Amino acid sequence: MKILSSPLSTTTDIANALKTSNSRNLKERLFQSFLLLSTLIALFILMVLLIDIMYQGFGRLNLDFLTDYTSRRASRTGIRTGLTGTLSLMVLVALIAFPIGVGAAIYLECFAPKNWFTKFMQVNIANLAGVPSVVYGLLAAALFAYILNFGRSLLTGALALVLLILPVIIVAGREAIKAVSPSIYQGALALGATPWQAVYKQVLPVAMPGILTGTILALSRAIGEAAPILVAGAVFSRRADNEPWNIFEPFGALPVQIFDFVKRPQPEFQIEVAAAGIIVMLVVLLIMNSAAIILRNRYSK
Amino acid sequence: MTEALKEISLNTEMEKTLENLDKGLDETVFSLNDVSIKYGDFRAVSHVNMEISKNQVTAFIGPSGCGKSTLLRAFNRMNDLILASSVSGTITYHGKNIYDQDVDPVEVRRRIGMVFQQPNPFPKSIYENVAFGPRNHGVKENLDEIVETSLKRAALWDEVKDKLNTSALSLSGGQQQRLCIARAIAVEPDVILMDEPASALDPIATLKIEHLMRDLATHYTIIVVTHNMQQALRVSDKTAFFNLEVDEEKGTRSGVLVEYGPTSKLFTNPENEKTSDYIKGKFG
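Notes on the structure follow. (Residues numbered from 1 in each chain as written. Chains lettered and ligands numbered in written order. Predicted model: local features only at pLDDT ≥ 70, side-chain atom pairs only at ≥ 80, totals over all residues.)

Here's the deal with the interface of chain A and chain B
Note the cut-off: The contact criterion used is a C-beta to C-beta distance within 7 Å, with each C-beta placed from the backbone. Numbering of helices and strands runs from the N terminus, with a helix taken as a DSSP run of H or I at least four residues long and a strand as a DSSP run of E at least two residues long. Under this grouping Gly is polar, as are all residues other than the nonpolar Ala, Val, Leu, Ile, Met, Phe, Trp, Tyr, Cys and Pro and the charged Asp, Glu, Lys and Arg.
Between chain A and chain B, the contact holds 14 residues from the first and 21 residues from the second. Sorting the residues of the side of chain A that touches chain B by element identifies α9 (182–190) and α10 (195–222) of chain A as the ones contributing at least two each. Considering only residue class, the side of chain A that touches chain B consists of 6 nonpolar, 7 polar and 1 charged.

Below, the structure is given as structure tokens:
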């Protein structure tokens, strides 16, 4: 600011004015160190967590662990019901949530009249994304399990998670659609396309990577949830009959299964088996997140 | 394409006018009667009366904000997309008011194509860009032929014939704009509206687009909005000069049609003083 405020006459004046000020330098460096420290702390905690889990659970991890049912003996137990339950839950949630979420996003972004009601709805959908997940579980339990009589079942659990991630999918979908240049929509209309043809054939394909990324990330958050599906019908599976082949039956799920392991009295369960279960779940999540990244990169070219 | 056109359900009035068209009886494509366009309370264009002739290039010129683009977008009801916009008066297309209740804007846009200021190809292959329109209208056979003819008419075929499956976004700006013209031609429109089609292009690309407009006028009726007076002089048969009129009493501004006539007359012997000032570059 010195340069601007005082008139400079000689070259020494200019040289002085351009010199770095020590105090500013110090502030700058302090600030940067703080930012670096924040990053390191987050990274450190995550590493400790990962290493600890790996250390405890890696030895227990093998193919049998994935394919065996749960047992009372820690050495023989597996997480088959949890894994199959979570995978089928994921498919069911995706099948239900994707069309509804994308449909709502298209409607709100492209076709909804711009009035106070639409705006009210948009604000509320954004707020719904912040509702605690157990609330959705309770809602699903009341609405689907009892009123619609689906019982405590895979379907009810899936619907609880659908409720949980719908707002996220809608918001992500709207953002992705909004990011598509309106000139594409107009270009299609000018060729005599109907508004629906313009959206479906030109706008949506461009928005799809963004929509898919949002959906997959929402899904991967959903399948890590224990609370809503516990209320809605997930069971601690200790027997062989909780495989998810009937959507109207109770089911197992990885987070619920891990919770069950931790609760058992034997230390082998609490530590090794639970850690192995966590590793399995982390791998599932990692695969899903990678899928999201690959999708995004492939289409953003 | 005539097959496709037959499939499109035309109301009887339009069929009649199309027959007349084939016989060459009807020379007027558009007839505007006291047309005003408002955005909310803002009157963008006021009381325009004019007729657009078949197979001619009509240029709209005038300073920024005089409503010439707005008026252009009223010809194929693209203004419908803008909320709170309203058109009063009548715009008849071969005798039918396109703002009548029973008119489907989608049907209007099938016959009245549009090319925008910024080239806006779909982020797909060159082929898919051209094939989109006809395919949408139910054409399944001869798509290759339609794509080739359209690209040839748009003077782009020789440059892209070996790479029809590459992305349209890999083309240069000028090529993209000619692709957009080819895309518009592919649905066999009657009229092509062009909204400053060359303003985002370099001089050579601009020249190509101008040549194209002259060629296209043998098949289509063209209305072009341009900021470039030389361009209007080079390409158009008729020119309409629009200007911004300030109402001192009400304190409002609105675009008005000042003068409309054969391009050669308008540029050499304008009747209105404003027109003369504008074409001499005194304002605008």
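Here's the deal with the environment of G214 of chain A
Residue and element names in this part refer to chain A. Stated precisely, the cut-off is as follows: Whether a residue is buried, exposed or partly exposed follows from its count of other C-beta atoms within 10 Å of its own C-beta, namely 20 or more, 12 or fewer, or something in between, respectively; the C-beta atoms are built from the backbone.
Its place among the elements puts G214 in helix α10. For G214, a count of 24 C-beta atoms within 10 Å puts it in the buried group. Separated by 78 residues in sequence, G214 and A292 place their C-alpha atoms 8.0 Å apart. With sequence-adjacent residues up to four places away left out, G214 is seen in contact with V168, I169, A172, G173 and A176.

Brief notes about helix α12 (residues 254–263) of chain A
Burial runs high along α12 of chain A: 7 of the 10 residues are buried. For α12 of chain A, the full list of buried residues reads L254, P255, V256, Q257, I258, D260 and F261 of chain A.

Brief notes about the pairing of strand β4 (residues 85–93) of chain B
Residues and elements named next belong to chain B. Rule in force here: Pairing between strands is defined by DSSP: at least two bridges between the two strands are required.
As defined by bridge partners, strand β1 (residues 28–39) adjoins β4 across 8 bridges and the pair is classed as antiparallel. Within β4, the residue paired with Y39 across the bridge is S85. Bridge analysis of β4 against strand β5 (residues 96–97) gives 2 bridges, and the strand direction is antiparallel. Across the sheet, T92 pairs through a bridge with N97, a residue of β5. The antiparallel pairing of β4 with β5 creates a hairpin that spans 2 residues between the two strands, and H94 there sits at a positive phi of about 50 degrees.

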